[in-house]
Structures are given as structure tokens and as C-alpha cells.
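Here are the chains, one letter per residue:
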Amino acid sequence: AANPRGRSENSYLARLLGSQGQAERAVAAARKALALSKQPPQYVLIAKILLKFHRYDVARDAAEEAIKLSTDEWEPQLLLSRILLRLGEVEHAHRAAVRGYDLSRREPRACLWYETINQHLVEAYLKAGRFAEARSCLQIASSATGADTMTHLHLAKVCLRLGDMNGALRASGRAAKREV
């Protein structure tokens, strides 16, 4: 039988060790928690710790395992997206971010995660000169209730770059409304 107390203790210890920069000890504690209960939160914890210490390939494996165990959870999807961005796999990161966003629309914490990931996706697409993909990400972000002025302005700039004057005008108009 799983030991929930031991799992919780090791999970907290892993977080604490991770916050103190003790990567190997944090991973060891997280693995103990995982050995006591192979549940998505333990895989997510390991993935977060590994991500923090730039061990992206192993972090990816842990996030993917969490997704296999719980396909309807937003956190592993958005975490996987962050990891994939670090690995330079922008397309896969985008798909994971969209899946995570679709699963999390009513979860405020998830929406904040998504906004951050979306900004990184936009930057990656712009750097690669892939303006249509950047526009797609910005359109999703600008449709969010709390989208800020800068999101709308970035969308307007990308629309102009793509020759979409109507899209640029709409985005500029939304930015102007946010300023008022």
C-alpha cells in the first residue's frame, strides 16, 4: 500500500531542496515520493525540479509520463510545453501549450502559466521569422479576458508584417480601448 505521509514528506523535501539549489538531493527525494505513489503530481514535481536544473530530456520524460497517467490535466501539458521550448522544439511546445490551455480555461493559475508560455512561443516564432505562427499565438492571447495592451500591440505589429491591415487595425483598436 502507498504511504501518503511518506510521499508528502518526500515531495515537500524535494521542493525545499530544489529551492536551495540541491539538484541531486531534490531529485532523489522526488523519486522517493514517486516510488511511494506513481501519480501525476509526483511526475510533475520531478519534471519541475529537473527543468529548474536544466535537465530537459529527463524532465520531458517525467512530464510525458504524467500526461499518460492523466490526459485531462492542464499542468503536465503546460509544463511539457515549457520543457519543449527549452529543447528548441517550438512546434511540439505550441501543441502542448494549446492542449494545456484548452484543458485549463477556467483555472486562473493555469491561464497565467499559459500567458507566460505563449510569450515565449511568440518570441521563438518571431526569431525564426514565422510570423503566421506568432500571429496565431497572439490571437489566442489577445482573446483572453485579461489581455494587456502590449499583447494587442504585438498582434498589430505582426499583422502589419503579414500585410493584414484589417487585423492590425482591430488589434490596435483593442489596445487603444485597454489604454482608456
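Parameters at a glance
- Residues numbered from 1 in each chain as written.
- Predicted model: local features only at pLDDT ≥ 70, side-chain atom pairs only at ≥ 80, totals over all residues.
- Heavy atoms only, no water.
- Helix = DSSP H or I, 4+ residues; strand = E, 2+ residues; numbered from the N terminus.
- Expected span 1.5 Å × (residues − 1).
- Buried < 20%, exposed > 50% of the residue type's maximum accessible area, 1.4 Å probe, protein only.
- Contact = heavy atoms within 4.5 Å.
- Axes fitted to C-alpha atoms, helices over the stretch in contact; angles between N-to-C directions.
- Parallel < 35°, antiparallel > 145°, perpendicular 65-115°, else oblique.
- Left-handed = near helix turned anticlockwise from the far one by under 90°.
- Core = buried A, V, L, I, M, F, W, Y, C linked by side-chain atoms within 4.5 Å.
- Phe/Tyr/Trp six-rings, centres within 6.5 Å; stacked < 30°, edge-to-face > 60°.
- Lys NZ or Arg CZ within 6 Å of the ring centre and 35° of its normal.
- Salt bridge = Lys/Arg side-chain N within 4 Å of Asp/Glu carboxyl O.

*Asks:* What exactly am I supposed to notice about helix α6 (residues 90-104) here?
*Replies:* For the α-helix, the turn length of 3.6 residues means that residues three or four positions removed from each other point alike. Between the first and last C-alpha of α6 there are 21 Å, a value that for 15 residues agrees with the 21 Å anticipated at 1.5 Å per step. Within α6, the full set of buried residues consists of V90, A93, H94, A96, A97, G100, Y101 and S104. Against α5 (74-86), α7 (108-127) and α8 (131-143) lie the buried residues of α6.

*Asks:* It is not clear to me how the packing of α6 against α7 should be interpreted in this structure. Could you clarify?
*Replies:* Packed helix pairs are characterised by how far apart their axes lie and by the angle those axes make with each other. In contact at an axis separation of 10 Å, α6 and α7 are set at 155 degrees when each is read in the N-to-C sense. When the axes of α6 and α7 are compared, the pair comes out roughly antiparallel. Our pair here, α6 against α7, has a crossing hand that is left-handed. Where α6 abuts α7, its residues V90, E91, A93, H94, A97, V98, Y101 and S104 lie against A110, C111, Y114, I117, L121, A124 and Y125.

*Asks:* I would appreciate a short explanation of the nonpolar core in the present structure.
*Replies:* What tends to happen in soluble globular proteins is that the nonpolar side chains get buried as a cluster. Counting 50 residues, the largest nonpolar core has I49, L78, L79, I83 and L121 as its most contacted members. Sorting elements by how many residues they give to this core places helix α3 (residues 40-52) first, with eight residues. Excluding its chain neighbours within four sequence positions, the residues that come into contact with I49 are A14, A26, V27 and A30.

*Asks:* Hey, could you run me through the packing of aromatic side chains in this one?
*Replies:* Centre distance and the angle of the planes are the two values used to describe a pair of aromatic rings. Within this structure, the stated rule accounts for zero aromatic pairs. Over the face of the ring belonging to Y12 we find R15, whose NZ or CZ atom lies 5.4 Å from the ring centre.

*Asks:* Explain the pattern of salt bridges here, please?
*Replies:* Two side chains of opposite charge can pair, provided their charged atoms sit close to one another. The final tally for this structure, using the stated rule, is eight salt bridges. The partner of E64 in a salt bridge is R60, with the nearest N and O atoms 3.2 Å apart. With E64 and R60 both in helix α4 (residues 56-69) and four residues apart, the pair spans about one turn of that helix. Given a relative accessible area of 29%, E64 falls into the partly exposed group. With its nearest N and O atoms 2.1 Å apart, the salt bridge here joins R130 to E91. Of this pair, R130 sits in the loop between α7 and α8 while E91 sits in helix α6; the two residues are 39 residues apart in sequence, bridging distant segments of the chain.

*Asks:* Looking at this structure, how should I read the side chain of N10?
*Replies:* Relative to the elements of secondary structure, N10 occurs in helix α1 (residues 4-19). Among all residues touching N10, those that are not within four sequence positions of it are A29, A30, K32, A33 and L36.

*Asks:* Where do I start with unusual backbone geometry in this structure?
*Replies:* The bulk of non-glycine residues show a negative phi, and the bulk of peptide bonds are trans. Phi at H54 takes a positive value of approximately 60 degrees, unusual for a residue other than glycine. Within the fold, H54 resides in the loop between α3 and α4. Residue classification places H54 among the exposed residues on the basis of a relative accessible area of 53%.

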